[in-house]
Amino acid sequence: MADARSPRQKRGRDARRDDSPPRRRPPPKQIVDRTTECPFLLRVFCKRDGHNKIEHYTPTTVPDCEELQLYTWPDCSLRELTDLVKHALSDARRPRCRLSFAVVYPDKKGQTAMKEVGLIWSTNTARSAPEAERKTLRDLRFQTGDFIDCAIHFPKINGPGGQYVGPWGQLEP
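### Looking at the sheet that holds strand E1 (residues 40-48)
Then comes step 1: If you trace the five strands from one edge of the open sheet to the other, you get E2-E1-E5-E3-E4, paired in mixed fashion. Since the sheet does not close on itself, it has two edges, and those belong to strand E2 (66-72) and strand E4 (112-121), each with one partner. Averaged over all pairs of adjacent strands, the angle between strand axes in this sheet comes to 25 degrees, irrespective of strand direction.
Then comes step 2: Here E1 runs beside strand E5 (residues 147-153); their pairing, made up of six bridges, is parallel. Bridging across to E5, Arg48 finds its partner in Ile152.
Then comes step 3: Most of the contacts of helix H1 (residues 78-88) go to E4, to which it runs at about 85 degrees, and overall it touches E1, E2, strand E3 (98-106), E4 and E5.

Put into structure tokens, the structure is as follows:
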């Protein structure tokens, strides 16, 4: 029995029905001209050794910890945000320090929600930036009025001879 398909027709997952809509390309990244566009206020709440509890964020109150008021643009990356926090807080400049970022926002039901979005090392030692460092506030769907919660994690010096214990328990030189 002869194959009824024409030789030009694709088979398998590359095949597309004639009535299916064409595939959409992702929207192009919007370029922000920082010389003409006005920055917005970003409220960052920093806490050492862990994130603030979600119960501390209510419509009328915020956590009573270190608050940074930064002005930035929607194309601000987590690496740039790390540098801004390091400029404001001397503790974040310590070697082998890690900053964990979370976005605090109201969900669809009106309740406060928190989502961790990235873990960035305070010193940029990598040759190529990890994926988390390249995330921008726009990529995180950050909106004006949302908060950033920043947890500053310090290295533990519990190893023999005062060595640093890494984030996964291994000894570091």
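Now that the structure has been shown, the text picks up again.
### Focus on the pattern of salt bridges
Then comes step 1: Evaluated as defined, the whole model comprises eight salt bridges.
Then comes step 2: Among the salt bridges present, the one from Glu67 reaches Arg43, with a minimum N-O distance of 2.6 Å. Of this pair, Glu67 sits in strand E2 while Arg43 is found in strand E1, placing the two residues 24 residues apart along the sequence.
Then comes step 3: Judged by relative accessible area, Glu67 falls into the partly exposed class, the value being 29%.
Then comes step 4: A salt bridge links Glu133 to Arg79; its shortest N-O distance comes to 3.0 Å. Separated by 54 residues along the polypeptide, Glu133 in helix H2 (residues 131-134) and Arg79 in helix H1 bring together distant segments of the chain.
Then comes step 5: The exposure class of Glu133 is buried, given its relative accessible area of 6%.

### Regarding the confidence of the model for the protein chain
Keep in mind that low pLDDT regions are not for reading the predicted coordinates in detail.
Then comes step 1: Looking at the protein chain, the pLDDT average stands at 79 and 71% of residues meet or exceed 70.
Then comes step 2: Averaged over each element, pLDDT in the protein chain is lowest for strand E7 (residues 171-172) (46) and highest for E5 (94).

### Quick word on the nonpolar core
Then comes step 1: Among the nonpolar cores identified, the biggest contains 26 residues, and Val44, Leu81, Phe101, Ile148 and Ile152 are the most heavily contacted of them.
Then comes step 2: Sorting the residues of this core by element identifies E1, E2, H1, E3, E4 and E5 as the ones contributing at least two each.
Then comes step 3: Looking at which element gives the most residues to this core, the answer is E1, with four residues.
Then comes step 4: Ignoring anything within four residues of it in the chain, the contact list for Leu81 reads Leu42, Val44, Leu70, Cys76, Phe101 and Ile148.

### Description of the side chain of His51
Then comes step 1: Locating His51 in the fold gives a position in the loop between E1 and E2.
Then comes step 2: Within the structure, the side chain of His51 is placed 2.9 Å from the side chain of Ser100, a separation counted as a polar contact.
Then comes step 3: Of the polar contacts made by the side chain of His51, one reaches the side chain of Asp149; its length is 2.6 Å.
Then comes step 4: Residue contacts for His51: discarding those within four places in its chain leaves Ser100, Phe101, Ala102, Met114, Glu116, Asp149, Cys150 and Ala151.

Basis of the calculations
Residues numbered from 1 in each chain as written. Predicted model: local features only at pLDDT ≥ 70, side-chain atom pairs only at ≥ 80, totals over all residues. Heavy atoms only, no water. Pairing = 2+ DSSP bridges. Helix = DSSP H or I, 4+ residues; strand = E, 2+ residues; numbered from the N terminus. Axes fitted to C-alpha atoms, helices over the stretch in contact; angles between N-to-C directions. Contact = heavy atoms within 4.5 Å. Salt bridge = Lys/Arg side-chain N within 4 Å of Asp/Glu carboxyl O. Buried < 20%, exposed > 50% of the residue type's maximum accessible area, 1.4 Å probe, protein only. pLDDT = per-residue confidence, 0-100. Core = buried A, V, L, I, M, F, W, Y, C linked by side-chain atoms within 4.5 Å. Polar contact = N/O pair within 3.5 Å; in protein donor to acceptor, adjacent residues only side chain to side chain.

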